[in-house]
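Each chain, letter by letter, is given below.
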Amino acid sequence: MTKRTTRLSDAQLVILAKAAERDDGAASVPPRMNRAAAAKAGASLVTRKLAREMRAKADMPVWRKDDEGRAISLVITRAGREAIGVDEDAAE
């Protein structure tokens, strides 16, 4: 079985890299990125299992609000860290 390479857009790389820098792994919308582009990039990361959505805790950045108005955070996964070449143990 061959390992597939993960191709990421510049926006996806920025989102994952910033999330990997945080202790909680939560992503924030880059300052110059509009909400529509962020939503598209985030949805793609979730579909590819490079990030997951979860209810935002008080100290986490809010990625989006769900249909009920609850705050949702986007959190990098182990696969997301591997895709950008970040060792999970090094983050600790």
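Whatever comes next refers back to the structure up there.
Summary of the structure given here. All values reported here derive from a predicted model rather than from experimental measurement.

### Considering the nonpolar core
If you look at the biggest cluster of nonpolar residues, it comprises 16 residues, and the most contacted ones within it are I15, L16, A27, L45, W63 and L74. Contributions of two or more residues to this core are made by α1 (10–21), α2 (35–47) and β4 (71–76). Sort the elements by how many residues they give to this core and α1 lands first, with 4 residues. If we skip the residues at most four places from it in the chain, I15 touches A27, P30, M33, A41, L45, W63 and L74.

### Observations concerning the side chain of D66
Tracing the backbone through its elements, the reader meets D66 in the loop between β3 (64–65) and β4. Given the relative accessible area of 13%, D66 is considered buried. Separated by 2.7 Å, the side chain of D66 and the backbone nitrogen of R70 make a polar contact.

### Observations concerning unusual backbone geometry
Unusually for a residue other than glycine, K49 sits at a positive phi of about 60°. When you line up the elements, K49 lands in the loop between α2 and β2 (51–55).

What counts as what
Residues numbered from 1 in each chain as written. Predicted model: local features only at pLDDT ≥ 70, side-chain atom pairs only at ≥ 80, totals over all residues. Heavy atoms only, no water. Core = buried A, V, L, I, M, F, W, Y, C linked by side-chain atoms within 4.5 Å. Buried < 20%, exposed > 50% of the residue type's maximum accessible area, 1.4 Å probe, protein only. Helix = DSSP H or I, 4+ residues; strand = E, 2+ residues; numbered from the N terminus. Contact = heavy atoms within 4.5 Å. Polar contact = N/O pair within 3.5 Å; in protein donor to acceptor, adjacent residues only side chain to side chain.

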